[in-house]
Amino acid sequence: MSYFFALFGSGLAVGAVYGLVAIGFAIIYKATRVINFAHGEMMMLNAYLAHTIAIHTGVGFWTLVPIVIIVSIVIGLLVEMLLIRPMIGEPTISIVMMTVGLAIIIRSLVVLIWGAAPLEFPAQPGDSVLVLGPIRLYLAQAIAIGFLVVIMAGFAAFYRYTRSGIAMRAAANNETVALLMGIDVRRIYALAWALAAATAGLAGLLVSTIYEIGPDMSAFGLRAFPATILGGLDAVGGSAIGGFIIGILENLGEGYIGRGLKEIIGFVIILVVLMIRPFGLFGTRDVERV
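Note that the structure is predicted; figures quoted are calculated from it, not measured.

A. Broad picture of unusual backbone geometry. For Arg 33, which is not glycine, the phi dihedral falls at a positive 60 degrees. One can find Arg 33 in the loop between helix H1 (2-32) and helix H2 (39-57).

B. Representation of the nonpolar core in the model. Within the largest apolar cluster, 92 residues are counted, with the highest numbers of intra-cluster contacts made by Ile 23, Ile 27, Met 43, Leu 64, Phe 155, Leu 205 and Leu 206. With 16 residues, H1 is the single largest residue contributor to this core. The contacts of Ile 23, once residues within four sequence positions are left out, are Leu 148, Ile 151, Met 152, Phe 155, Thr 199, Val 236, Ser 239 and Ala 240.

C. Here's a closer look at the packing of H1 against helix H8 (residues 185-210). Two elements in contact, H1 and H8, have axes separated by 8 Å at closest approach and are oriented at 170 degrees. For the element pair H1 / H8, the angle class is roughly antiparallel. Here H1 contributes Val 17, Leu 20, Val 21, Ile 23, Gly 24, Ile 27, Ile 28, Ala 31 and Thr 32 to the contact with H8, which in turn contributes Tyr 189, Ala 192, Trp 193, Leu 195, Ala 196, Thr 199, Ala 203, Leu 206, Val 207 and Ile 210. Grouping the amino acids of the contact of H1 with H8 by side-chain chemistry returns 16 nonpolar, 3 polar and no charged.

D. Representation of the pattern of salt bridges in the model. According to the stated counting rule, one finds 3 salt bridges in the structure shown. For Arg 107, the salt bridge goes to Glu 41, with nearest N and O atoms at 2.6 Å. You can see Arg 107 sitting in helix H4 (residues 92-114) and its partner Glu 41 sitting in helix H2, a full 66 residues away along the chain. Overall, the relative accessible area of 35% leaves Arg 107 in the partly exposed class. For Glu 41, a relative accessible area of 5% translates into the label buried. A salt bridge links Arg 85 to Glu 80; its shortest N-O distance comes to 2.9 Å.

E. Representation of the packing of aromatic side chains in the model. For the structure shown, the criterion picks out 13 aromatic pairs. Ring centres of Phe 4 and Phe 8 lie 6.0 Å apart, and the angle between their planes is 25 degrees; this geometry places the pair in the stacked category. Here Phe 8 and Phe 4 lie together in helix H1, a separation of 4 residues that amounts to about one turn. Since its relative accessible area comes to 26%, Phe 4 is described here as partly exposed. The partly exposed category is assigned to Phe 8, whose relative accessible area is 23%. Within the aromatic cluster, the residues linked to one another by ring pairs are Phe 4, Phe 5 and Phe 8. Directly above the aromatic system of Tyr 159 lies the positively charged group of Lys 30, at a separation of 5.3 Å from the ring centroid. One cation-aromatic arrangement involves Arg 223 over Phe 220; the distance from NZ or CZ to the ring centre is 5.6 Å.

F. The pairing of strand S1 (residues 129-132), seen in detail. Direction of pairing for S1 relative to strand S2 (residues 135-138): antiparallel, over a ladder of 4 bridges. From the neighbouring strand, Val 129 faces S2, where its bridge partner is Tyr 138. Connecting S1 to the antiparallel partner S2 that follows it, the hairpin turn spans 2 residues, and Gly 133 within it adopts a positive phi of roughly 65 degrees.

G. Quick peek at a nonpolar patch on the surface. The grouping of Ile 264, Val 268, Leu 271, Val 272, Met 275 and Ile 276 at the surface amounts to a nonpolar patch, some 620 Å² of accessible area in total. Within the secondary structure, Val 272 is located in helix H11 (residues 265-276). Overall, the relative accessible area of 39% leaves Val 272 in the partly exposed class.

The rules behind the values
- Residues numbered from 1 in each chain as written.
- Predicted model: local features only at pLDDT ≥ 70, side-chain atom pairs only at ≥ 80, totals over all residues.
- Heavy atoms only, no water.
- Helix = DSSP H or I, 4+ residues; strand = E, 2+ residues; numbered from the N terminus.
- Core = buried A, V, L, I, M, F, W, Y, C linked by side-chain atoms within 4.5 Å.
- Buried < 20%, exposed > 50% of the residue type's maximum accessible area, 1.4 Å probe, protein only.
- Contact = heavy atoms within 4.5 Å.
- Axes fitted to C-alpha atoms, helices over the stretch in contact; angles between N-to-C directions.
- Parallel < 35°, antiparallel > 145°, perpendicular 65-115°, else oblique.
- Nonpolar A, V, L, I, M, F, W, Y, C, P; charged D, E, K, R; others polar.
- Salt bridge = Lys/Arg side-chain N within 4 Å of Asp/Glu carboxyl O.
- Phe/Tyr/Trp six-rings, centres within 6.5 Å; stacked < 30°, edge-to-face > 60°.
- Lys NZ or Arg CZ within 6 Å of the ring centre and 35° of its normal.
- Pairing = 2+ DSSP bridges.
- Patch = residues over 30% accessible without salt bridge, like charges linked within 9 Å, V, L, I, M, F, W, Y side chains within 5 Å.
- Areas by Shrake-Rupley, 256 points an atom, 1.4 Å probe, with all protein chains shown as cover.

Put into structure tokens, the structure is as follows:
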């Protein structure tokens, strides 16, 4: 039974990272109806930038958190302003292909600047172990889970109670009506990209502390995408819950069935979900018609 709880605990931790990445997918889709296939690469770029900042400044983990969030927001706003905003009004597939091209460019630049060898992250939160009943978690894993829970609650309040959150929901529901009501849709799009980039940066920082930094980090974006499909493309909180489910099932599948399943379990779940409930566990049926 201890083996089960060991797999379950590590699954919760990796699921928290998946959830953070999946939230970024859902935020952009909820506001713009576009899937950002460069999300994993933006997470990786922020992780490398965090490593460089930590090396040159010597700051600790908790000081690095707000710095990474600010840097991530700046990157997200630049991407939206320089690449996405000029594409407003173009077919959705054109914008999606733009994000695919951006992903390739970021991946190549990272290898060109930092090299392909893995790097150890210098600003660790600590190596203590937290014991929660039968579950044992390293401090970095517990922090990842805690961050995701707090961010889930924050976004729930944001979309329900703030003017910007309500405007974002309105723009996603009907862009034309939102414009007629005086909502600045371009500002809403910029805000969505900034918030999604912030979650990507935080996810990159957490992956760096739990594992190590390398060009293959971008795969977390692809492996987190099933969590967005499972929770619902337009369901931010549902995507976070989907991350936990995918992470736990991946670990249990690899631990009890065999190695190699970890990479495919999420995509098997995608196939099942798309056949049974295409809009996800917490999504709306409108997603099916997009």
